[in-house]
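Structural characterization, general
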Amino acid sequence: MPSSRTGVVLLQLGTPDSPSSADVRRYLREFLGDPRVLTMPALSRWLLLNLIILPFRPRRAAHAYRQIWTEEGSPLLVHTEALADGLRAEFGESIPIEVGMRYGSPSIRSAVDAILARGVDRIIAIPQFPQYASASGGSAVAALLDELGSRTIVPDVVTFGAFHDSPGFIDAAAAAARPGLEVFGADHVLFSFHGLPESHVRDADPTGAHCLSTDSCCAVLADANRHCYRAQAFSTTAALARRLGLAAGDFSTAFQSRLAGSKWIEPFTDHVLPQLHQAGVRRLAVATPSFTADCLETLEEIGIRGRNQWMELGGEDFLLLPCVNALPQWVTALADEIRSFIPEDGPDGAVPPPGTVA
């Protein structure tokens, strides 16, 4: 029986095509129109989106995007494409690599079209979300499966799960943070994760009784909270703190990027900053390990607004630590993971070396 030809799709959240208000509005309509993101009845979601969010938010968001947009385009897309290029260099022509954005371009559909045009009959999907949430990784994988399900010939699919504490990710995230920390001399390191409504966390608890029931519910990962985004965030913090040699009390965890209208997981990053300053912290470094690529939420929300808030509080200095982006350690970690999923490809059960064709 002939071996299957494998391709890889890197799944990322998405970005507008430009920082114009019109493009941002189209992007937000698609993003916030996803029932996995705004989990409410369809009519309520439509009213919220069209009467409250879209008339006002695109203009503000477009201004934020303009502050971080580069000559090459959206930082999220630039870094994700660079990661894909790094993987292409690892595998040559033997394994096609494509980027698919859950919202915006390049779309998941375009990634699937490009992959299948290469004769692929087996796809490895790698959501770029270290901690699992239905609104991010869950939505991206569901959209990919929907797209593949519309094809006459449906390829085999392997999907990476959450990698919040995987050694490859933790090593790469530590490698991204370490150079800055060695020079900066931080009093404290804050690990800031994207926020999530509390209802999303509770929905991921199969017992219905564990998540957010006590102050220590996220301290240890167990069956009840193994899919809990908040618990996985604390797991990432603990793993990174160990790898970076941070002492207890020299680091903390917080959550950013909340929307009004529902209760979101705490503590909030913008509330933690004054608390840290009051506690005597003056040189603050912030890492954002719920993102694999620097984007609006890291560069503008933390790197600009977070820094401004910190300096206005009287902080001495502020350092935004980079995401793993296309760091060689991250490329190598993903390449090793890909190889572990394709033992049947290539001669003698091995993955072909770079530059060869399966």
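Residues numbered from 1 in each chain as written. Predicted model: local features only at pLDDT ≥ 70, side-chain atom pairs only at ≥ 80, totals over all residues. Heavy atoms only, no water.

1. What about the overall build of the chain?
- Looking only at helices and strands, one finds twelve helices and eight strands in the chain.
- Radius of gyration (C-alpha) of the chain: 21 Å, near the 21 Å computed for a compact globule of 358 residues.
- Split into buried and exposed, the 358 residues of the chain put 51% on the buried side.
- Put simply, 76% of the contacts in the chain that link residues at least 6 apart link residues at least 24 apart.
- As displayed, the chain has an accessible area near 16,000 Å², and 55% of this comes from carbon and sulfur atoms.
- In the chain, the 29 positive side-chain charges and the 40 negative ones have mean positions that sit 6 Å from each other. (Helix = DSSP H or I, 4+ residues; strand = E, 2+ residues; numbered from the N terminus. Rg over C-alpha atoms; globule rule 2.2 N^0.38 Å. Buried < 20%, exposed > 50% of the residue type's maximum accessible area, 1.4 Å probe, protein only. Contact = heavy atoms within 4.5 Å. Areas by Shrake-Rupley, 256 points an atom, 1.4 Å probe, with all protein chains shown as cover. Lys, Arg positive; Asp, Glu negative; His and termini not counted. Charge placed at Lys NZ, Arg CZ, Asp CG, Glu CD.)

2. Some points on the sheet that holds strand β6 (residues 251–256)
- Sheet architecture is open: four strands sit in the order β6-β5-β7-β8, paired in parallel fashion. Taken across any chain shown, the strands that pair with only one partner, and hence form the sheet edges, are β6 and β8 (317–320). Neighbour-to-neighbour, the strand axes of this sheet turn through a mean angle of 25°, independent of strand direction.
- The pairing of strand β5 (residues 188–194) with strand β7 (residues 283–287) spans four bridges and is classified as parallel. In the sheet register, Phe-191 faces β7, and the bridge partner there is Ala-287.
- Contacting β5, β7 and β8, helix α7 (residues 167–184) crosses the sheet at an angle of about 165° to β8.
- Lying over the sheet, helix α11 (residues 296–313) contacts β5, β6, β7 and β8, oriented at roughly 170° with respect to β8. (Pairing = 2+ DSSP bridges. Axes fitted to C-alpha atoms, helices over the stretch in contact; angles between N-to-C directions.)

3. Topic: helix α6 (residues 134–149)
- Helix length check: α6 (16 residues) gives 20 Å between terminal C-alpha atoms against 22 Å at 1.5 Å per residue, more than 12% under.
- Of all the positions in α6, only Ala-135, Ser-136, Gly-137, Gly-138, Ser-139, Ala-140, Val-141, Ala-143, Leu-144, Glu-147 and Leu-148 are classed as buried.
- As for α6, its buried residues are in contact with β1 (6–15), β2 (97–104), α5 (108–117), β3 (122–127), β4 (156–159) and α8 (198–203). (Expected span 1.5 Å × (residues − 1).)

4. Section: the side chain of Thr-298
- Mapped onto the elements of the fold, Thr-298 is located in helix α11.
- Thr-298 gets classed as buried once you look at its relative accessible area, which sits at 0%.
- A polar contact is formed between the side chain of Thr-298 and the backbone nitrogen of Cys-295, at a distance of 2.9 Å. (Polar contact = N/O pair within 3.5 Å; in protein donor to acceptor, adjacent residues only side chain to side chain.)

5. Section: the packing of helix α3 (residues 57–68) against α11
- Packing of α3 against α11 brings their axes to within 9 Å, and their N-to-C directions diverge by 90°. Classified by the interaxial angle, the pair formed by α3 and α11 is roughly perpendicular. Contact with α3, carried on its side by Ala-64, Tyr-65, Gln-67 and Ile-68, involves Leu-296, Leu-299, Glu-300 and Ile-304 of α11 and no other residues of that element.
- Grouping the amino acids of the contact of α3 with α11 by side-chain chemistry returns six nonpolar, one polar and one charged. (Parallel < 35°, antiparallel > 145°, perpendicular 65-115°, else oblique. Nonpolar A, V, L, I, M, F, W, Y, C, P; charged D, E, K, R; others polar.)

6. Re the pairing of β3
- Buried residues dominate β3, accounting for six of its six residues.
- Residues Arg-122, Ile-124 and Ile-126 of β3 are buried on one face, and the alternating residues Ile-123, Ala-125 and Pro-127, pointing to the opposite face, are buried as well.
- Pairing geometry for β1 and β3, over six bridges, is parallel. Residue Thr-6 lies in a different strand from β3, and its bridge partner there is Arg-122.
- Examined bridge by bridge, β3 and β4 share four bridges and lie parallel to one another. Among the inter-strand pairings, Arg-122 is bridged to a residue of β4, identified as Asp-156.
- Between β3 and its parallel partner β4, the chain crosses via α6, and the hand of that crossover is right-handed. (Right-handed = clockwise from strand over helix to strand, strands pointing away.)

7. Some thoughts on the packing of aromatic side chains
- A complete count under the given rule lists ten aromatic pairs for this structure.
- Ring geometry for Phe-191 and Phe-251: centres 6.4 Å apart, planes at 75°, overall edge-to-face. Of the two residues, Phe-191 is situated in strand β5 and Phe-251 in strand β6; the sequence distance between them amounts to 60 residues.
- The class for Phe-191 is buried, based on a relative accessible area of 1%.
- Relative accessible area serves as the criterion here: at 24%, Phe-251 is assigned to the partly exposed category.
- Counting every residue linked through ring pairs, the aromatic cluster contains Tyr-27, Phe-31 and Tyr-103. (Phe/Tyr/Trp six-rings, centres within 6.5 Å; stacked < 30°, edge-to-face > 60°.)

8. Describing the nonpolar core
- Among the nonpolar cores identified, the biggest contains 91 residues, and Leu-10, Leu-87, Trp-330 and Ile-338 are the most heavily contacted of them.
- If we ignore the near neighbours within four places in the chain, the residues touching Leu-87 are Leu-10, Ile-97, Val-331, Leu-334, Ala-335 and Ile-338.
- Within the second largest apolar cluster, eleven residues are counted, among which are Leu-190, Val-281, Leu-284 and Val-286. (Core = buried A, V, L, I, M, F, W, Y, C linked by side-chain atoms within 4.5 Å.)

9. Observations regarding the confidence of the model for the chain
- Summarising the model, the chain shows a mean pLDDT of 93, and 94% of its residues fall at 70 or more.
- pLDDT under 50 marks residues 345–358. Its contacts with residues more than four places away, or in other chains, come to 32 contacts. (pLDDT = per-residue confidence, 0-100.)

10. Brief notes about the state of the cysteines
- A full pass over the atoms with the stated rule returns zero disulfides.
- No disulfide involves Cys-295; its sulfur sits 6.3 Å from that of Cys-323, the nearest cysteine. (Disulfide = S-S within 2.5 Å.)

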